[in-house]
Amino acid sequence: MMTPIFEKALLIAAIGMTGIFLFMAVFYLLILLLDRLMPYREEKPDEENIVEFETEEDEEEK
Amino acid sequence: MGLEQLLPAIAGMTWQHLVMIGVGVLLIYLAIARKYEPTLLLPMGFGAILVNIPLSSALTQIDPSTGEAVEGVLNVFFQAGIATEIFPLLIFIAIGAMIDFSPLFRNPSLLLFGAAAQFGIFLTMLFASMLGYDLREAASIGIIGAADGPTSIVVASRFAPSLLGPISVAAYSYMALVPIIQPPVIRMLTSKKERLIRMSNTSNKQISKKALIMFPIVVTIVAGIIAPSSLSLIGFLMFGNLVRECGVLNKLSLSAQNELASLVTLLLGITIASTMTADRFIRVDTLIIIALGLFAFVFDTFGGVIFAKFLNLFRKEGYKLNPMIGACGISAFPMSARVIHQMGQKEDPFNYLLMPAISANVGGQIGSVVAGGIILTLVPFFA
């Protein structure tokens, strides 16, 4: 049952699962770090993205 | 002049070709009538018909009259788009542009489910190696469990091109079948009491735009330093995400999400079908691969749910996780999250699991790409 290929596959599985958890743990810490270094602040909307619409009142004023 | 000269395709037709044309029709039926991943299964189904008509000019064939090889368009696409990995990597840009990582910033610990739910990949690889597949083939079969079509295609095209057809069909079919595969596995592994757990402590906080912009850049650098061979997968995904988040490339972001995704998906599906020729597909291997694909999806779900139950051992009452969330650690987004939310609502109509489920599901998208990168790195060392 324990063929050399199976043994290698077992080793890859062990390293692979550990590796994925390590990667995800690093990403988890990165998220915490980024969130701490760059907390949310009220951001002003980009002026270029503001589209002004003329309302009926504006037209009446004219 | 006999019929054979007039209609050589009929003369060359075997029962295997007819079976493959039937498979093509079945895939088209599943795509249209059942809406199972239609964007991929329909082109694949049509392509399967296209390449299984004898002497099809879509494939490279030997012209019987001249004896010369005639280059077919699907072979050209295959060599240009799949063998070079360009098509799946372009899809990654599109997927990256579609992913919003802010749910992960709200519940970062749920990222770990994206790791636990890759368990099926490695268990399937072990099982495939026991069945006599070599290491490269076993890894390619296992990666079906990534529940991520492009990752499966990248790994299979590099390690086992001859198995690319059945692996792609299995990966995309099971992704579409997540609502059927996951619920019975979850019900088997959890008690009603566990399924009723509410996760009310999930946050709705706002996330800074700067953090969302920095995330793909930092992840790419870190992943590149740890595992450079995973960079093509993770890098293209994160590039797409940066285009989305930067705020100055809205047009490109929309193009990546729509036109790029549609065009490449179209070409990807029909090109993969070029590997679905009767001589490659009608083999016992195909049935084994399709069975192992299901095994991988079942054990992905198992891995995620059991990991959630394990974490609950260390959590105080009131902070326990609903173990169903663990199943969302697979990459099938947002289908898996939706399935878990619906299962939660079925047990308790006032239990809203959608937000944590989405967070875990986004973690699964990263996890599947990381798993692909790790397999691409490790297997050549051992094979």
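Worth saying up front: this structure is predicted, and the values here are computed from it rather than measured.

Definitions and cut-offs
- Numbers given to residues run from 1 along each chain, matching the order in which its sequence is written.
- Working convention: letters from A go to chains and numbers from 1 go to ligands, in the order in which they are written.
- Side-chain atom pairs in this predicted model are given and counted only at pLDDT of 80 or more, local residue features only at pLDDT of at least 70, and totals for whole chains, interfaces and linings cover all residues.
- Excluding hydrogens and water, the side-chain values take into account all heavy atoms of the structure.
- Numbering of helices and strands runs from the N terminus; a helix is a DSSP stretch of H or I covering at least four residues, while a strand is a stretch of E covering at least two.
- Atoms considered for the radius of gyration are the C-alpha atoms alone. The globule rule reads 2.2 Å times the number of residues to the power 0.38.
- For each residue, the accessible area found with a 1.4 Å probe, counting protein chains only, is set against the maximum for its type, and the residue is called buried under 20%, exposed over 50%, and partly exposed in between.
- Contact between two residues is taken to exist if any of their heavy atoms lie within 4.5 Å; hydrogens are not considered.
- Values of accessible area rely on a 1.4 Å probe in the Shrake-Rupley scheme; residue burial ignores everything except the protein chains shown.
- Neither His nor the chain termini are counted; the positive set is Lys and Arg, and the negative set is Asp and Glu.
- In this description, the location of a charge corresponds to atom NZ of lysine, CZ of arginine, CG of aspartate or CD of glutamate.
- Buried area: the accessible surface (1.4 Å probe) lost by two parts on joining, summed over both.
- We define a salt bridge as a side-chain nitrogen of Lys or Arg found within 4 Å of a carboxyl oxygen belonging to Asp or Glu.
- Pairing of N or O atoms within 3.5 Å defines a polar contact, subject to two protein rules: one partner must be a possible hydrogen donor and the other a possible acceptor, and residues neighboring in sequence count only if both atoms are side-chain atoms.
- Gly falls in the polar group here, along with every residue not listed as nonpolar (Ala, Val, Leu, Ile, Met, Phe, Trp, Tyr, Cys, Pro) or charged (Asp, Glu, Lys, Arg).
- We call a set of buried residues a nonpolar core when its members are Ala, Val, Leu, Ile, Met, Phe, Trp, Tyr or Cys and they connect through side-chain atoms within 4.5 Å of each other.
- For a helix, the expected span equals 1.5 Å multiplied by the residue count minus one.

**Student:** Give me the lowdown on the overall build of chain B, citing residues and values where you can.
**Tutor:** Tallying secondary structure elements over chain B gives 21 helices and two strands in all. Taken against the 2.2 N^0.38 rule, which gives 21 Å for 383 residues, the C-alpha radius of gyration of chain B at 22 Å falls within 12% of a compact globule. Once the C-alpha set of chain B is aligned to its principal axes, its extents read approximately 85 × 45 × 45 Å. The buried share among the 383 residues of chain B stands at 56%. Contacts spanning at least 24 positions in sequence make up 77% of the contacts within chain B whose residues lie at least 6 apart. Here chain B has roughly 15,700 Å² of accessible surface; of this, 68% comes from carbon and sulfur atoms. Across chain B, the 23 positively charged side chains and the 19 negatively charged ones have centroids separated by 17 Å.

**Student:** Go over the overall build of chain A, please, and point to the residues and values.
**Tutor:** From N to C terminus, chain A includes two helices and zero strands. Counting only residues that meet the buried cut, chain A has 26% of its 62 residues in that class. Here chain A has roughly 5,200 Å² of accessible surface; of this, 58% comes from carbon and sulfur atoms.

**Student:** How would you explain the interface of chain A and chain B if you had to name every residue and give the values?
**Tutor:** On the chain B side, the residues contacting the 30 residues of chain A number 44 residues. Counting the surface lost from both chain A and chain B, the interface buries some 3,500 Å², and carbon and sulfur atoms represent 87% of this. Between chain A and chain B we count one salt bridge in total. Where chain A packs against chain B, one counts three residue pairs in polar contact (both at pLDDT 80 or more). When grouped by side-chain class, the residues that make up the side of chain A that touches chain B number 25 nonpolar, two polar and three charged.

**Student:** Can you tell me about the pattern of salt bridges, naming the residues and giving the values?
**Tutor:** Oppositely charged side chains may form a pair once their charged atoms are brought near each other. All names here are of chain B. In total, this model carries eight salt bridges over all chains according to the counting rule given. Close ionic contact of Lys 309 with Glu 194 constitutes a salt bridge, the shortest N to O distance being 3.1 Å. Here Glu 194 lies in helix α14 (residues 192-195) and Lys 309 lies in helix α19 (residues 284-312), a separation of 115 residues in the sequence. Take Lys 309: its relative accessible area is 25%, and that puts it in the partly exposed class. In this structure, the salt-bridge partner of Glu 347 is Arg 195, at a minimum N-O distance of 2.8 Å. Taken as a pair, Glu 347 in helix α20 (residues 335-347) and Arg 195 in helix α14 lie far apart in primary sequence, 152 residues in all. Each of Lys 192, Arg 195 and Glu 347 takes part in a single network of salt bridges with overlapping partners.

**Student:** Before we move on, can you summarise the nonpolar core with the specific residues and values?
**Tutor:** All names here are of chain B. Membership of the largest hydrophobic core comes to 127 residues, with the highest contact counts inside it found for Phe 101 and Ile 340. With 14 residues, the single largest contributor to this core is helix α21 (residues 354-382). Not counting chain neighbours up to four residues away, the residues in contact with Phe 101 comprise Leu 212, Phe 215, Met 238, Asn 241, Val 362 and Ile 366.

**Student:** Talk me through helix α3 (residues 15-32) of chain B; I want residue IDs and the actual numbers.
**Tutor:** All names here are of chain B. With 18 residues, α3 ought to run about 26 Å at 1.5 Å a step, and its terminal C-alpha atoms sit 26 Å apart, in line with that. Restricting attention to buried positions, one finds in α3 the residues His 17, Met 20, Ile 21, Gly 24, Leu 27, Ile 28, Leu 30 and Ala 31. On its buried side, α3 packs onto α2 (8-12), α4 (38-51), α12 (164-176) and α18 (278-281).

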